[in-house]
Amino acid sequence: MTNHLRKKSNAELMPDIQPASNGAPATLELPASAWMSALDHPSHSAGPTDQHWAFMKNASGSLRETLRQVVGCKWKGALYKLDGHVRGDLWRKGAVAAPATVRATIYFPESEREFYDLYQAHHATSSALSRLDEIQAAFRENDLSLNSRRLKHGLLVQAFTLALRGRIKTASDEAPLNLREAVGLFRDELLLLDKAMPSAEIFQTGVVAAALICLTLYPKQEIFFEKLAQEKGNKRDGLLDPVECVLSLVEKIRNQGTASIDAVQEDLCARTVRAFLAHMRGDPEVFEGRVNNTMKRYWFKRMIQGVDLDTYVKRVRRKKKIADKSDM
């Protein structure tokens, strides 16, 4: 990894920063010029945008104070940014007025691996927390008061993305999902699902996304998700009803430890949608206008197959009147 580090040192522009006596990171005031001259961490690849932080051009008071909070590390005599890359660039360009000083937290990695891991750890944590904060703010803006821990405190970014885009990962050329608008769009569905008191164990990302899709298209059919929450599936002569199909699939995913895999959650969503449809009216191929030999199938011998998720996502987007919105 050493070959990827910048050779240039900014030590001459940096005050002598030392760790605390107990090895803890240092927290201190740094001249903004020292922060602007700090090197970008080698793992940082996102280019600055005018939108990022630029909305704070005229910020004052506590809001302006947030601009001053930065995190970096001292490695091989040089100061590196762990965050604040974009702010430094905007300050340098004059797009946002630079403060006299920044309030910096500086870490002191002891190995190259730790140098890289610090960046990954900081961004994994800060990204997740900032998105959770954004959802909580959207709840308040939409006067949305939820009771279930899964929806009230759970991170719903992936479920929203899956329900609105048919997949979890966002392509690099796509606009990020507008979480505040997503909460507003699914306000009614979230309230319906919340009444069922969904648990985190059963209502994994794929199941929550399926609930958002199904309750959008069929808003009076929440009984299926109530049965899921209460684990009221049934077996008969070696056959599984639709609720039991989903419960068995979730249990399998948990036992295999594959819940964090995007493709697994996408597949779970598609299968849960089909189970919902089977529970409501029988096999979806019947009530969507096509006839097959299974007729109104309710009991399943093998694991239920998933629907074509894109078809249902398109219907959700049309019903929500966002078919052409790039940030949704």
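Residues numbered from 1 in each chain as written. Predicted model: local features only at pLDDT ≥ 70, side-chain atom pairs only at ≥ 80, totals over all residues. Heavy atoms only, no water.

Novice: Residue-level account of the sheet that holds strand β5 (residues 101-107), with values.
Specialist: With respect to topology, five strands assemble into an open sheet ordered β1-β5-β3-β4-β2, the strand pairing being mixed. Since the sheet does not close on itself, it has two edges, and those belong to β1 (26-31) and β2 (39-40), each with one partner. Strand direction decides the pairing type here: β2 and strand β4 (residues 78-81), joined by two bridges, are parallel. Bridge pairing in β4 links Leu39 to Tyr80. (Pairing = 2+ DSSP bridges. Helix = DSSP H or I, 4+ residues; strand = E, 2+ residues; numbered from the N terminus.)

Novice: Tell me about the packing of aromatic side chains, and please be specific about residues and values.
Specialist: Inspection of every chain in the model, using the stated rule, returns nine aromatic pairs. Seen in terms of ring centroids, Tyr218 and Phe276 are 5.9 Å apart; in terms of plane orientation they differ by 40 degrees. Their pairing is tilted. Here Tyr218, found in the loop between α9 (205-217) and α10 (223-229), pairs with Phe276, found in helix α12 (residues 262-281); they are 58 residues apart in sequence, far enough to count as distant. Each member of the pair Tyr218 and Phe276 is classed as buried. With 5.9 Å between their ring centres and 85 degrees between their planes, Phe224 and Phe276 make a pair best called edge-to-face. Placement of Phe224 in helix α10 and of Phe276 in helix α12 is noted, with a sequence separation of 52 residues between them. A residue is classified by how much of its surface remains accessible, and Phe224, at 1% relative accessible area, is buried. Put simply, the rings of Trp75, Tyr80, Phe115 and Tyr116 touch in pairs and so form one group of aromatic residues. (Phe/Tyr/Trp six-rings, centres within 6.5 Å; stacked < 30°, edge-to-face > 60°. Buried < 20%, exposed > 50% of the residue type's maximum accessible area, 1.4 Å probe, protein only.)

Novice: Describe in detail α9, supporting the description with residues and values.
Specialist: Taking 1.5 Å per residue as the helical rise, α9 with its 13 residues ought to reach 18 Å, and the 19 Å between its terminal C-alpha atoms agrees with that figure. By the criterion of burial, α9 is predominantly enclosed, with 13 of the 13 residues buried. (Expected span 1.5 Å × (residues − 1).)

Novice: An account of unusual backbone geometry is requested, with residue identities and associated values reported.
Specialist: At Glu231, a position not held by glycine, the phi torsion is positive, near 55 degrees. Mapped onto the elements of the fold, Glu231 is located in the loop between α10 and β6 (235-236). Backbone geometry at Lys321 places phi at a positive 60 degrees, although glycine is not the residue there. Inspection of the secondary structure assignment puts Lys321 in the segment after α14 (309-319).

Novice: Outline the nonpolar core, supporting the account with residue identities and numerical values.
Specialist: By size, the foremost hydrophobic cluster in this structure holds 68 residues, and its most contacted members are Phe160, Leu190, Phe203, Ile213, Phe225, Leu228 and Leu309. Setting aside its immediate chain neighbours within four residues, Phe160 contacts Leu177, Leu179, Ala182, Val183, Phe186, Leu190 and Leu212. Ile17, Ala26, Trp91 and Ile106 belong to the second largest nonpolar core, which has 17 residues in total. (Core = buried A, V, L, I, M, F, W, Y, C linked by side-chain atoms within 4.5 Å. Contact = heavy atoms within 4.5 Å.)

Novice: Before we move on, could you go through the pattern of salt bridges and cite the residues and values that matter?
Specialist: Taken as a whole, this structure holds 12 salt bridges when the rule is applied. Residue Glu29 pairs with Arg103 through a salt bridge whose shortest N-O separation is 3.8 Å. With Glu29 in strand β1 and Arg103 in strand β5, this residue pair connects regions lying 74 residues apart in the sequence. As a salt-bridge pair, Lys93 and Asp89 come within 3.1 Å of each other at their nearest N and O atoms. Placement of the pair is Lys93 and Asp89 together in helix α3 (residues 85-93), with a separation of four residues, close to one helical turn. By relative accessible area, Lys93 is classed as exposed at 58%. Exposure remark for Asp89: the relative accessible area of 14% places this residue in the buried category. Three or more residues joined by partner-sharing salt bridges are found here, namely Glu29, Arg68 and Arg103. (Salt bridge = Lys/Arg side-chain N within 4 Å of Asp/Glu carboxyl O.)

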